[in-house]
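A look at the structure
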Amino acid sequence: MSRELVSHRDGHVYEFSPEMEPIHEAADGESLTIETIDSLNGAIQADADLLDAIPEEVNAATGPIAVEGASPGDVLAVEIEDVRVTEEVGRVLTAPGFGLLRDDPDIEHPATRITRVDAESDRDGETEKEGNGSIDFEGIDVPIDPVIGTIGVATAGETISTLTPDDHGGNLDTTDMTAGTTAYFPVFQEGAMLAMGDSKAAMADGEMCGTGAEIGTEIDVTLSVIEDPDVPLDRPLVDTGDAVKTVASAETMERAVELANRDVVRLLAHEHGFSRTEAYLFSSLVGGLEISQVVDPQVTARNAVPSEYLSVPY
């Protein structure tokens, strides 16, 4: 099945807002390939290229893409079918005043390491990560496992930079935003206005230094609108096939995990006919808190419930 290509060359944004003009209008159920540029717009190509400060325009998100029929109160489902790296190098780096250990005097800020892509790499006779190859960090192979760092929809009210995550999604830096996952977003504006970018060839939960291996990608997705959902969705949700995970961002980790737990309680109550108290108690038996990132203007956490205990109600 042929897919229309939507590229960052067609248009991209550096902020999510209530008023976004689409560069493409997708039908409900349409499959697309979305081309993204690395989060620093190609500015870093060698170890000698240093980032003296976080740019005002960072994390270019390809889009927005309007989805036919999406209206406020609906849910947008984004089935992520494949994420492919499109460059021969990634880049992992530090910048002054950014990252979990930004005040450590023994860690250089700024610093850059180029991570070269070996798409044919093989370890112990087995191809890396389903044939994705690996990146080379100082002579050490790290399997390529591409992640979409920034993905979201038009906001309900304020304008939010692509550097910052919130209820609309945005810079979630969540390792579950990858091939095989379906992500769900609340729709706040007509058409939803989906945009994505800031991909990484590899990234650990937490994104501790402030980046993964930043790289350009091609992303295959199918977009679907869920009208009048039985359970309202306030923040992003991901279904990995093995688990359903609520995703929440806030100024503090305590608030982020609280929001993620509140969202799980609502879903568990709906799934099992529990009271809120029963759902809260049950969440403490089957849920699991995970850190997405701790370095953006807001932090992001998720609460994972195995699929045997929770299904997606959309």
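Right above here is the structure, for reference.
Remember, it's a predicted structure, so these values are computed and weren't measured experimentally.

As for helix α1 (residues 253–272)
For α1, which comprises 20 residues, the first-to-last C-alpha distance of 28 Å matches the rise-based estimate of 28 Å (1.5 Å per residue) to within 8%. Ala256, Leu259, Ala260, Asn261, Asp263, Val264, Val265, Leu267, Leu268 and Ala269 are the residues of α1 that are buried. As for α1, its buried residues are in contact with β21 (237–239), β22 (243–250), α2 (276–286) and β24 (299–306).

Structural notes on the pairing of strand β8 (residues 89–94)
A large share of β8 lies buried, amounting to six of its six residues. The alternating pattern of β8 places Val89, Arg91 and Leu93 on one face and Gly90, Val92 and Thr94 on the opposite face, and all of these are buried. As defined by bridge partners, β8 adjoins strand β9 (residues 111–118) across six bridges and the pair is classed as antiparallel. Of the residues in β9, the one forming a bridge with valine 89 is arginine 116.

Regarding a nonpolar patch on the surface
On the surface, a cluster of nonpolar side chains totalling about 340 Å² of accessible area is made up of Leu100, Leu101, Ile107 and Met208. With respect to the helices, strands and loops of the structure, leucine 100 is situated in the loop between β8 and β9.

Overview of the sheet that holds strand β1 (residues 4–7)
Sheet architecture is open: nine strands sit in the order β1-β5-β20-β7-β18-β21-β22-β24-β23, paired in mixed fashion. Where the open sheet ends on each side, the last strands, each with one partner, are β1 and β23 (289–293). Neighbour-to-neighbour, the strand axes of this sheet turn through a mean angle of 30 degrees, independent of strand direction. In terms of strand pairing, β21 meets β22 through three bridges, oriented antiparallel. By the bridge assignment for β22, aspartate 239 is matched with valine 244. Across the sheet, α1 is in contact with β21, β22, β23 and β24; its angle to β24 comes to roughly 30 degrees.

What about the sheet that holds strand β13 (residues 140–143)?
Judged by pairing direction, the sheet is antiparallel, and its four strands sit side by side in the order β8-β9-β12-β13 without closing on themselves. Two strands close off the open sheet at either side, each with one partner strand: β8 and β13. Put simply, the sheet's adjacent strands are angled 30 degrees from each other on average, direction ignored.

A look at the pairing of strand β14 (residues 147–152)
Where burial is concerned, most of β14 is hidden: six out of the six residues are buried. As defined by bridge partners, β14 adjoins strand β19 (residues 194–200) across five bridges and the pair is classed as antiparallel. Among the inter-strand pairings, threonine 150 is bridged to a residue of β19, identified as glycine 197. Inspection of the sheet shows β14 paired to strand β17 (residues 169–170) by two bridges, in the antiparallel sense. Bridge pairing links isoleucine 151 to glycine 170 in β17.

Reading the values: rules and limits
- Residues numbered from 1 in each chain as written.
- Predicted model: local features only at pLDDT ≥ 70, side-chain atom pairs only at ≥ 80, totals over all residues.
- Heavy atoms only, no water.
- Helix = DSSP H or I, 4+ residues; strand = E, 2+ residues; numbered from the N terminus.
- Expected span 1.5 Å × (residues − 1).
- Buried < 20%, exposed > 50% of the residue type's maximum accessible area, 1.4 Å probe, protein only.
- Contact = heavy atoms within 4.5 Å.
- Pairing = 2+ DSSP bridges.
- Patch = residues over 30% accessible without salt bridge, like charges linked within 9 Å, V, L, I, M, F, W, Y side chains within 5 Å.
- Areas by Shrake-Rupley, 256 points an atom, 1.4 Å probe, with all protein chains shown as cover.
- Salt bridge = Lys/Arg side-chain N within 4 Å of Asp/Glu carboxyl O.
- Axes fitted to C-alpha atoms, helices over the stretch in contact; angles between N-to-C directions.

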